[in-house]
Amino acid sequence: MDILLHIPDPAAEAWRVAFARALPEAAVALWPERSDARFDYAIVVGPTVEHAAALGRVKAVFNLGAGVNAFWRIPELPPGVPLIRLEDAGMAEQMAEYAAYATLRAFREFAYYAAEQRAGRWSPRERRDKAAFGVGVLGLGVLGTRVAAALRDLGFPVSGWSRSAKAVAGVRAFSGADGLAAMLPDCRMLIVLLPLTPATTGLLDRRTLGMLPGGAMLVNLARGALLVETDLLEMLDRGHLAGAMLDVFAKEPLPRDHPFWHHPKIEITPHVSGLTQIEPSVAQIAGKIRALERGLAVTGIVDRERRY
Ligand code: NAP
């Protein structure tokens, strides 16, 4: 079995070693050392136009990430080749950590206390009503469900939104445009874990952000283009939103002159909320390759029409 691995340096060799260990029966080649060969499977970090031809001949393409929006720029990826994404593989726990930090920081007013400390003031505040501190999760998929469960377990009233109706224990589930409009007014925190598709691009704009209650916070952990960045700035500067924690941006790395860098109500992280982990990712993909070789069905196949 021949496997093509296209991973940017410097991690490439570590991935090759891990795949070779997990699939000793396979010959694992790093792109472009055997770019013209016939491969059975391709494992890539997003697609590149140069290897589109090689991808067209494989039995399946594995994306070393959960989001596949970058693939639609490659029209050569033939419809018959399954595109398989990572499912959790260690990312859900990371997302739950990030969301819990953002939510607890806002709820317990740690930014306020940090400012008071810098000003040399001892200024305790009353405990806030947790039952009134609603947390909304957009996207109740692999990652969103884990985040919603973690926040529910911390005692927050959690609601979640998905395309199709979902049931998650202890979480108020909404779907469709009406569901979003019904859910947003109760969300003091809005955590975004939607895929970037034609249906979700620009979803977080002046209109939807305006449905959040005054003083709400936005946390975007999914893809930058879900958010209309100028609309967020407007909602923050008008005082409708209290703040935002952003891990993803329309353009990455975030341009040096972007207003988000120095905005007092925005905290940014450099697309690290859910980093791909070698061990669980290799184990998951190796397991799926073995299943496919035995003619079995696997999960995580991207729906080309829905684009996620
Ligand atoms: P997933 O399992 O496919 O879940 C996607 C969820 O979004 C599902 O609940 C889906 O609804 C919902 N959804 C999709 N389109 C919708 C629409 N038009 N309206 C309402 N809901 C919609 O994906 P995942 O594994 O949780 O990952 C989510 C995203 O996180 C990825 O696509 C990726 O972009 C992002 N991500 C970011 C990082 C990072 O480091 N920042 C890391 C990993 C992933 P249904 O349940 O009805 O299908």
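Keep in mind the model is a prediction, meaning the values are calculated, not measured.

### Description of the domain arrangement of the protein chain
- On domain assignment, one finds that the protein chain holds domain 1 (2-87 + 276-293) and domain 2 (91-268).
- Taken together, the contacts link seven residues of domain 1 with five residues of domain 2.
- Carbon and sulfur atoms supply 59% of the area buried between domain 1 and domain 2, which totals about 560 Å² over both sides.
- One can count zero salt bridges joining domain 1 with domain 2.
- Put simply, domain 1 and domain 2 have one residue pair in polar contact (both at pLDDT 80 or more) between them.

### Things to note about helix α3 (residues 91-107)
- Compared with the 24 Å implied by 1.5 Å per residue over 17 residues, the 24 Å span of α3 between its first and last C-alpha is a close match.
- Its buried side turned inward, α3 meets β6 (135-138), α5 (142-153), β9 (189-192), β10 (216-220) and β11 (241-246).
- Where α3 ends, the next residue or the one after it, E109, has phi of about 60°, a positive value.

### Here's the deal with the pattern of salt bridges
- Summed over the entire model, instances satisfying the criterion amount to 16 salt bridges.
- When the shortest N-O distance is used, the salt bridge between E13 and R16 registers 3.2 Å. Residue E13 and its partner R16 are both found in helix α1 (residues 12-22); the two are separated by three residues, about one turn of the helix.
- For E13, a relative accessible area of 41% translates into the label partly exposed.
- Residue classification places R16 among the buried positions, given a relative accessible area of 19%.

### So, the pairing of β11
- Burial runs high along β11: five of the six residues are buried.
- Pairing between β10 and β11: five bridges, direction parallel. Pairing of M217 across the sheet is with G243, part of β11.
- Read from β10 through helix α8 (residues 229-237) to β11, the crossover connection turns out right-handed.
- Judged from the three bridges that link them, β11 and strand β12 (residues 266-268) form a sheet pairing that is parallel. Opposite L246, over in β12, you have I268 as the bridge partner.

### Focus: the sheet that holds strand β1 (residues 2-6)
- Read across the sheet, five strands follow the order β2-β1-β3-β4-β5 without closing on themselves; strand pairing throughout is parallel. In this open sheet, the two edge strands, each paired with only one partner strand, are β2 (27-30) and β5 (83-84).
- Pairing between β1 and strand β3 (residues 41-44): four bridges, direction parallel. Following the sheet pairing, L5 is matched in β3 by I43.
- Where α1 meets the sheet, it contacts β1, β2 and β3, and its direction lies at approximately 170° from that of β2.

### Comments concerning the sheet that holds β6
- Strand order in the open sheet formed by seven strands is β8-β7-β6-β9-β10-β11-β12, with parallel pairing between adjacent strands. Of all strands in the sheet, those with a lone pairing partner are β8 (171-175) and β12, marking the two edges. Averaged over all pairs of adjacent strands, the angle between strand axes in this sheet comes to 15°, irrespective of strand direction.
- The pairing of β9 with β10 spans four bridges and is classified as parallel.

### Regarding the packing of aromatic side chains
- Tallied over the full model, the rule gives seven aromatic pairs.
- On the numbers, 6.3 Å between centres and 50° between planes, the contact of Y41 with F62 is tilted. Of this pair, Y41 sits in strand β3 while F62 sits in strand β4 (residues 60-63), and the two are 21 residues apart along the sequence.
- The buried category is assigned to Y41, whose relative accessible area is 1%.
- Overall, F62 belongs to the buried group, its relative accessible area being 1%.
- The structure contains a cluster of three or more aromatic residues connected by ring pairs, namely F107, F133 and F156.
- Sitting over the face of the ring of Y112, R125 holds its NZ or CZ atom 3.5 Å from the ring centroid.
- One cation-aromatic arrangement involves K130 over F156; the distance from NZ or CZ to the ring centre is 4.8 Å.

Here is what the cut-offs are and how they apply
Residues numbered from 1 in each chain as written. Predicted model: local features only at pLDDT ≥ 70, side-chain atom pairs only at ≥ 80, totals over all residues. Heavy atoms only, no water. Domains from an automatic or database assignment. Contact = heavy atoms within 4.5 Å. Buried area = accessible area lost by both parts, 1.4 Å probe. Salt bridge = Lys/Arg side-chain N within 4 Å of Asp/Glu carboxyl O. Polar contact = N/O pair within 3.5 Å; in protein donor to acceptor, adjacent residues only side chain to side chain. Helix = DSSP H or I, 4+ residues; strand = E, 2+ residues; numbered from the N terminus. Expected span 1.5 Å × (residues − 1). Buried < 20%, exposed > 50% of the residue type's maximum accessible area, 1.4 Å probe, protein only. Pairing = 2+ DSSP bridges. Right-handed = clockwise from strand over helix to strand, strands pointing away. Axes fitted to C-alpha atoms, helices over the stretch in contact; angles between N-to-C directions. Phe/Tyr/Trp six-rings, centres within 6.5 Å; stacked < 30°, edge-to-face > 60°. Lys NZ or Arg CZ within 6 Å of the ring centre and 35° of its normal.

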